[in-house]
Amino acid sequence: MISSLLPAWLAQTPTVEEIETRVALDSAILAETFYFWTVVIMWLIHVGFMAYEGGAARRKNVMSTAMKNILTIAVVTPTFYYFGWYIYGCFQEGWPKSGHSSPDAFEGFCGASAPWSSAMGPNLQDHITGVFFLAFLLFSWTTGSIMSGAVIERIRLSAYLILTAILGSVVWIMDAAWGWSSGGWLVTQFGFHDAIASLVVHGVAGAFAFGVLLNLGPRIGKYTADGLSRSFRGHNTHLTLMGLMLIFTGFYGFYAACLVIQSTVFPGWLNIYLSPTTLGAIAWVITIGFAGGFTGGWFASKGDPFWTLSGGLAGVIAVSAGADVYHPSLAYLLSISGGMVAVWTGGYIEKKLRVDDAVGAVAVHGVCGFYGVLLVGIFAGGYPTGINNVESSFGGQLMGMMAFLPLAFLPGYVVSWILKKMNLLRVPPEVELEGLDLAEFGMDFYPEFERVPEIIVEPDGREVDGAPVLLDAYWQANGTSSTPVGTGERS
Amino acid sequence: MFDAFPYDSWLTPDGALNEEIAEFWTYGGGGSTGTWILTVLGFAVMLVSFWGFVILENRKLTHQADRLKASGALDRPAAG
């Protein structure tokens, strides 16, 4: 019986070549599935940003704040498809001097990233491009959402959409081409190392947002005539904290999507520079990074809930650049410092520089993004980076910072300056006072709830009714002063 | 109807799918006239949408600001 089955079984046994073909297909499907699900998880980042910023907004601006996050998807997706991905494929050498035969790592990638190429659509022979593109697209949305929180309650929706398209589909992806790719000139020449995008996503978005904020100016009533800072009460702190927790959850997808999976080759995973790592290595760092960040944020802010959670985000951002090589204990210590840096610089930006960043995005993402890359130069100098095994170094990290600061800040500043000159950057002050939701959408976000007076916290800590303060600031801005500020003090 | 497609000719001798089938299932194929037309149309719609976002919002904001000014709700109280 057995002897009669053996020839049939042998006849069905695949050849080595057939097994190799099947394993290669299986590996490609695994990669395709992996990136698809990282994209799903990363959606939570945007759910979280919407909740986080919506909670931080005053009731009169909730819908406009949320709509900004939603429409980020509407504008960054097509712009990234039509030219953002092409920039990543073709500008890794700085300028596409090799034309469509692209540089070091992936020959032909430049041409394949053009929207008219066969790779940029349904293609039975390409399992990777679509999902890899999507993962990068989600990073692009993230850069827009980072800026989004800083500018709430006074920026025009359309101005924000123009700025976020430039940030998400030109600025960040250009820096990713230079310093977050295996063929980027900063990587191949200077060993620039930013494994999980401390600087290339967070730092750059923060610097871009800072440039925008300088032209946008503070919200009406944010500062007293003496330049002291008032606080506006967000309408729902619970929503803000829940939003931050959703962002943290999405960050696991973000972290995973930063790796390249290659299941048939030891050790199975590569970082974005194609240096070996593991998913477990970065899982250590992100988790302990949150722990350290919360701790640093808690102590630096003396227990402020908003800054404790923002500290968690800052802590992770501070260790992301070296997440593939840091020991967990080192990540813990560095992330504590990151949480503290965010709180301190956030206060400095608000109170000393008098820049009204509504959610501390410049401090959390911008400052800690640059800080994280600097830390790699100090604590991970000497680790080989990329396919050329160029050693990472303090000088190489500084080179990246010097390249990315103007690349990010200048477009944000210049484009917002142009929009300001065209009177298209900021909503009219009358609309800002009344709230953007009624003007933009003709509705209140909570129509069934009774309206209560808006509360503002004066620099000395007194809580006062907001209306007189805001009206006085409005009248002063229009050239006339009037009633004393603070007449609506609460008992 | 599917039987009319030349499935057999899409298979190479070793049984792997060839480029022809990939082309068939990809609209127009890379760099084809169809793909170029779609790309240009999509790009144009994207640009128009930006223009629309600006114009529509500006109309709404101007209207509401004018209405608020006309209502006198934000006027400074008279001295005394």
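Values in this document were obtained by computation on a predicted structure and should not be read as measured data.

Scoring rules and cut-offs
Residues numbered from 1 in each chain as written. Chains lettered and ligands numbered in written order. Predicted model: local features only at pLDDT ≥ 70, side-chain atom pairs only at ≥ 80, totals over all residues. Heavy atoms only, no water. Helix = DSSP H or I, 4+ residues; strand = E, 2+ residues; numbered from the N terminus. Buried < 20%, exposed > 50% of the residue type's maximum accessible area, 1.4 Å probe, protein only. Areas by Shrake-Rupley, 256 points an atom, 1.4 Å probe, with all protein chains shown as cover. Salt bridge = Lys/Arg side-chain N within 4 Å of Asp/Glu carboxyl O. Core = buried A, V, L, I, M, F, W, Y, C linked by side-chain atoms within 4.5 Å. Contact = heavy atoms within 4.5 Å. Buried area = accessible area lost by both parts, 1.4 Å probe. Polar contact = N/O pair within 3.5 Å; in protein donor to acceptor, adjacent residues only side chain to side chain. Nonpolar A, V, L, I, M, F, W, Y, C, P; charged D, E, K, R; others polar. Pairing = 2+ DSSP bridges. Phe/Tyr/Trp six-rings, centres within 6.5 Å; stacked < 30°, edge-to-face > 60°. Lys NZ or Arg CZ within 6 Å of the ring centre and 35° of its normal. 1 Å grid on protein atoms, 1.4 Å probe; cavity = no way out; pocket = protein on both sides within 12 Å on 5 of 7 lines; lining within 4 Å. Points joined across faces, edges and corners; volume = space filled by probe spheres on them. pLDDT = per-residue confidence, 0-100. Axes fitted to C-alpha atoms, helices over the stretch in contact; angles between N-to-C directions. Parallel < 35°, antiparallel > 145°, perpendicular 65-115°, else oblique. Left-handed = near helix turned anticlockwise from the far one by under 90°.

Caption draft 1: Molecular detail of the overall build of chain B. Of regular secondary structure, chain B possesses three helices and zero strands. By residue count, 24% of the 80 residues in chain B fall in the buried class. Carbon and sulfur atoms form 66% of the exposed surface of chain B, whose accessible area is close to 5700 Å².

Caption draft 2: Structural context of the pattern of salt bridges. Residues and elements named next belong to chain A. Under the counting rule described, the total for this entry stands at 16 salt bridges over all chains. One salt bridge connects R219 with E153, and the closest N-O pair in it is separated by 2.6 Å. In this pair, R219 is assigned in the loop between α8 (198-216) and β1 (231-232) and E153 in the loop between α5 (129-150) and α6 (157-179), connecting sequence segments 66 residues apart. Accessibility classification places R219 together with E153 in one group, the buried group. When salt bridges with common partners are traced through the structure, they connect R58, K60, E153, R154, R219, D356 and E454 into a single cluster.

Caption draft 3: Spotlight on the nonpolar core. Counting residues in hydrophobic clusters, the biggest one holds 132 residues, and the most contacted among them are F136(A), F139(A), W172(A), W180(A), F254(A), Y255(A) and F404(A). The biggest single contributor to this core is α6(A), with 14 residues. In this structure, F139(A) is in contact with M42(A), W172(A), W180(A), V201(A), F254(A), A257(A) and C258(A), ignoring residues within four places of it in sequence. In this structure, I220(A), L470(A), L68(B) and L74(B) belong to the second largest nonpolar core, which totals eleven residues.

Caption draft 4: Spatial organisation of the interface of chain A and chain B. Counting residues at the interface gives 37 residues for chain A, matched by 32 residues for chain B. Approximately 2900 Å² of surface area, both sides summed, lies buried where chain A meets chain B, with 71% of it carried by carbon and sulfur atoms. When residues of chain A are sorted by the area they lose upon contact with chain B, Y82(A), W116(A) and E430(A) head the list and together hold 22% of the total. Joining chain A to chain B, the criterion identifies one salt bridge. Residues R67(B) and E434(A) are paired through a salt bridge, measuring 3.3 Å at the closest nitrogen-oxygen approach. Remark: the boundary between chain A and chain B carries seven residue pairs in polar contact (both at pLDDT 80 or more). Of all the secondary structure elements, the ones that give two or more residues to the side of chain A that touches chain B are α3 (62-90), α6, α15 (429-434), α16 (436-441) and α17 (466-477) of chain A. Broken down by class, the residue content of the side of chain A that touches chain B amounts to 24 nonpolar, nine polar and four charged.

Caption draft 5: Examining the sheet that holds strand β4 (residues 276-277) of chain A more closely. All names here are of chain A. Spatially, three strands are ordered β2-β3-β4 in an open sheet, and the strand pairing comes out antiparallel. Edge positions in the open sheet fall to β2 (260-261) and β4, since each of these has one partner strand only. Bridge count for β2 against strand β3 (residues 269-270) is two bridges, and the pairing is antiparallel. Looking across to β3, one finds that I261 is bridged to W269.

Caption draft 6: Focus on the packing of aromatic side chains. Throughout the structure, instances matching the rule amount to 43 aromatic pairs over all chains. Seen from the ring of F232(A), R58(A) lies directly overhead, with NZ or CZ sitting 4.0 Å from the centre.

Caption draft 7: Up close: the layout of surface pockets. Residue and element names in this part refer to chain A. As a volume, the largest pocket reaches approximately 1100 Å³. Every residue lining the largest pocket is counted, 38 residues in all, and those nearest its centre are S231, D304, F306, W307 and E350. Elements with a minimum of two residues in the lining of the largest pocket: α2 (16-56), β1, α9 (237-257), α11 (305-320) and α12 (328-352). Broken down by element, the residue count for the lining of the largest pocket peaks at six residues, all from α12. Across the lining of the largest pocket, the residue classes break down as 15 nonpolar, 13 polar and ten charged.

Caption draft 8: Focus on the confidence of the model for chain A. Within chain A, residue pLDDT values average 91, and 94% of them lie at 70 or more. When the criterion is pLDDT under 50, residues 481-491 of chain A qualifies, and its contacts beyond four places in sequence or with other chains add up to 27 contacts.

Caption draft 9: Structural detail: the sheet that holds strand β7 (residues 455-457) of chain A. Residue and element names in this part refer to chain A. Spatial strand order, β1-β7-β8: three strands in an open sheet with antiparallel pairing. A strand with exactly one partner marks an edge of an open sheet, and here the two such strands are β1 and β8 (463-465). Bridge count for β1 against β7 is two bridges, and the pairing is antiparallel. Residue pairing across strands places F232 opposite I456, the latter belonging to β7. Lying over the sheet, α17 contacts β1, β7 and β8, oriented at roughly 75 degrees with respect to β8.

Caption draft 10: Spotlight on the packing of α9(A) against helix α10 (residues 279-300) of chain A. All names here are of chain A. α10 packs onto α9 with a crossing angle of 150 degrees between their chain directions and a minimal axis gap of 10 Å. Between α9 and α10, the angle is such that the two are roughly antiparallel. As α9 runs across α10, the sense of the crossing is right-handed. Contacts from F248, F251, Y252, Y255 and A256 in α9 reach L279, I282, V285, I286, T287, F290 and F294 in α10. Here the contact of α9 with α10 is built from residues that sort into eleven nonpolar, one polar and no charged.

Caption draft 11: Molecular detail of empty space enclosed by the protein. Residue and element names in this part refer to chain A. Counted under the stated rule, the structure contains two cavities of 30 Å³ or more. Approximately 70 Å³ is the volume attributed to the largest cavity. In terms of lining, the largest cavity is formed by S64, T65, K68, I152, E153, R154, I155, L157, L436 and E440. Broken down by secondary-structure element, the contributors of at least two residues to the lining of the largest cavity are α3 and α16. In terms of residue count, the dominant contributor to the lining of the largest cavity is α3 (three residues). Along the lines of polarity and charge, the residues of the lining of the largest cavity split into four nonpolar, two polar and four charged. A volume near 30 Å³ is recorded for the second largest cavity.

Caption draft 12: The arrangement of the side chain of S113(A) in detail. All names here are of chain A. Structurally, S113 can be placed in the loop between α4 (109-112) and α5. We classify S113 as buried; its relative accessible area is 0%. Polar side-chain contacts of S113 include one of 2.6 Å to the backbone oxygen of C110. Filtering out sequence-adjacent residues up to four positions away, S113 remains in contact with W85, Y86, G89, C90 and M120.

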